[in-house]
Amino acid sequence: PWVAIDAMRADGPVLWSPDLGGYWIIAGAEEVREAYQNGEAFSSYPVGIPPMVGMWPRKLIPEELDGEEHARYRRLLAPFFAPKAIRAIADSVRERAAGLLRRLADAEGFEVVGQLARPLPSWVFLGLFGAPVEQADLFTAWAHDLLHSPDLAARGAAGQAIVGYLIGAIAEHRANPGDDMISGLTQASIEGRPLTDEELLDMCFLIFVAGLDTVTSQIGTILLHLATHPDDQQAIRHDPAVVDRALEELLRLYPIISPARTLTRDYTLAGVRLKAGDTVLLGSSGATRDPQAFADPTRADFGREATWTTAFGLGVHRCLGSHLARQELRVVLELMATTLPPYELAPGAAWHWHTGGNLWGLDRLDLRFIRS
């Protein structure tokens, strides 16, 4: 999908697609950044939850809100994802990742998504969120079907299952609060009043789906790159201190989310006249792989002096979970380099992209260890 955006950008930074009723694709670095930063004109509503889920068009909070309304709700969530809160669980994240990788040490190889990329983020997220970790397989299946299934009925059923679970979970945590995110939100207030059950559901639905899918997708894309670029993999093995720079460079190369925006008014971008009500796809990778912004932009350069990424968005809607995601991704890179042998794609490797909606990722990625 990143290569497709690269090819589109060659035709211009702002392009029109007639698909799905017609929408704009923004693929240039300057133009993507401008749209991200201008939330007044480029509204984040709607993000595209399937209507068959049955509870919307209520807005997901805070992602589908703009301006001060967005800021008020975002402030409620910020403490749960602040660097201090994430540092507090760093040791447990590393221990969990190490345990998963130890099981693979004597194998010939492993399947990334099922054995690492889903189990680690789901365990970390569900513990923070306040949902039973033992149901991780069920929860991740719901999230995957909602976001990526080509069957609209399956997407709707998954969404309804998530809604049903969350309604019960919110009621349980309100009655018996603990030390977790759902409980914290049931005790929170906004403008001097408690959050309503509807507000809690809208917030928890968004957090649930994002928390169970995005890091999983990002781990897969990063390990696919390292499996097919042995020099980059060796650079991390040779000097684990390069992990932070390597991570930022790989996030630059492979952002997995291209969010949608809706124009609230007529707007001219790169000389192209967009109209109020138009749908816009922010080609995040188009920005960070743009030769106008980076030299040799499609090559991973772990020594690149200055870099930035759209992997977590930009502006007021920048991903609240970015600190947590970076922590998990950093741990995976470090431990893959220091505890396991070099790896490559398994012979006849099965690896398959999903590009449903605005989120890209891998359904499967088979790797083989290279042993001397």
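In what follows, the structure referred to is the one given above.
A few points on the structure. The model shown is predicted, which means the values in this text are computed figures rather than measured ones.

## Observations regarding the packing of aromatic side chains
Within the structure shown, the criterion is met by 13 aromatic pairs. Both rings, one in Trp2 and one in Trp360, keep their centres 5.4 Å apart while their planes meet at 90°; by these two values the pair is edge-to-face. Of this pair, Trp2 sits in helix 1 (residues 2-9) while Trp360 sits in the loop between strand 12 (351-354) and strand 13 (361-369), and the two are 358 residues apart along the sequence. In this pair, the class of Trp2 matches that of Trp360, namely buried. Between Phe42 and Tyr267 the ring centres are 5.0 Å apart and the planes differ by 75°, which places this aromatic pair in the edge-to-face class. Of this pair, Phe42 sits in strand 3 (residues 42-43) while Tyr267 sits in strand 8 (residues 267-269), placing them 225 residues apart in sequence. Across the ring face of Tyr45, the terminal group of Lys59 is positioned such that the distance to the ring centre comes to 4.8 Å. Here the guanidinium or amino end of Arg252 rests over the ring plane of Phe294, the centre of that ring lying 4.9 Å away.

## As for the sheet that holds strand 2 (residues 23-26)
Taken together, five strands build an open sheet; the order of strands is 1-2-10-7-3 and the sheet is mixed. The open sheet has two free edges, formed respectively by strand 1 (14-17) and strand 3, since each of these has just one partner strand. Bridging between strand 2 and strand 10 (residues 279-282) involves three bridges; their strand directions are parallel. Residue pairing across strands places Ile25 opposite Leu281, the latter belonging to strand 10. Against the sheet, helix 2 (residues 29-37) touches strand 1, strand 2, strand 3, strand 7 (260-263) and strand 10, its axis set at about 115° to strand 2.

## Concerning the pairing of strand 13
Inspection of the sheet shows strand 4 (residues 109-111) paired to strand 13 by three bridges, in the antiparallel sense. Among the inter-strand pairings, Phe110 is bridged to a residue of strand 13, identified as Leu367. Here strand 11 (residues 343-345) pairs with strand 13 via three bridges, running antiparallel. Considered in strand 13, the bridge of Glu344 is made with Arg368.

## Observations regarding the packing of helix 7 (residues 119-129) against helix 16 (residues 322-339)
The interhelical angle for the contact between helix 7 and helix 16, taken along N-to-C directions, is 145°, at an axis separation of 11 Å. Crossing of helix 7 over helix 16 shows right-handed handedness. Seen from helix 7, the contacting residues are Leu120, Pro121, Val124 and Leu128; seen from helix 16, they are Leu324, Glu328 and Val332. In terms of residue class, the contact of helix 7 with helix 16 is made up of six nonpolar, no polar and one charged.

## Section: the pairing of strand 2
A regular strand places its side chains so that they alternate between the two faces of the sheet. A two-sided burial pattern is seen for strand 2, the buried positions comprising Tyr23 and Ile25 on one face and Trp24 and Ile26 on the other. As defined by bridge partners, strand 1 adjoins strand 2 across four bridges and the pair is classed as antiparallel. Of the residues in strand 2, the one forming a bridge with Trp16 is Trp24. Taking the residues between adjacent antiparallel strands as the criterion, strand 1 and strand 2 are bridged by five residues, where Leu20 takes a positive phi near 55°.

What counts as what
Residues numbered from 1 in each chain as written. Predicted model: local features only at pLDDT ≥ 70, side-chain atom pairs only at ≥ 80, totals over all residues. Heavy atoms only, no water. Phe/Tyr/Trp six-rings, centres within 6.5 Å; stacked < 30°, edge-to-face > 60°. Helix = DSSP H or I, 4+ residues; strand = E, 2+ residues; numbered from the N terminus. Buried < 20%, exposed > 50% of the residue type's maximum accessible area, 1.4 Å probe, protein only. Lys NZ or Arg CZ within 6 Å of the ring centre and 35° of its normal. Pairing = 2+ DSSP bridges. Contact = heavy atoms within 4.5 Å. Axes fitted to C-alpha atoms, helices over the stretch in contact; angles between N-to-C directions. Left-handed = near helix turned anticlockwise from the far one by under 90°. Nonpolar A, V, L, I, M, F, W, Y, C, P; charged D, E, K, R; others polar.

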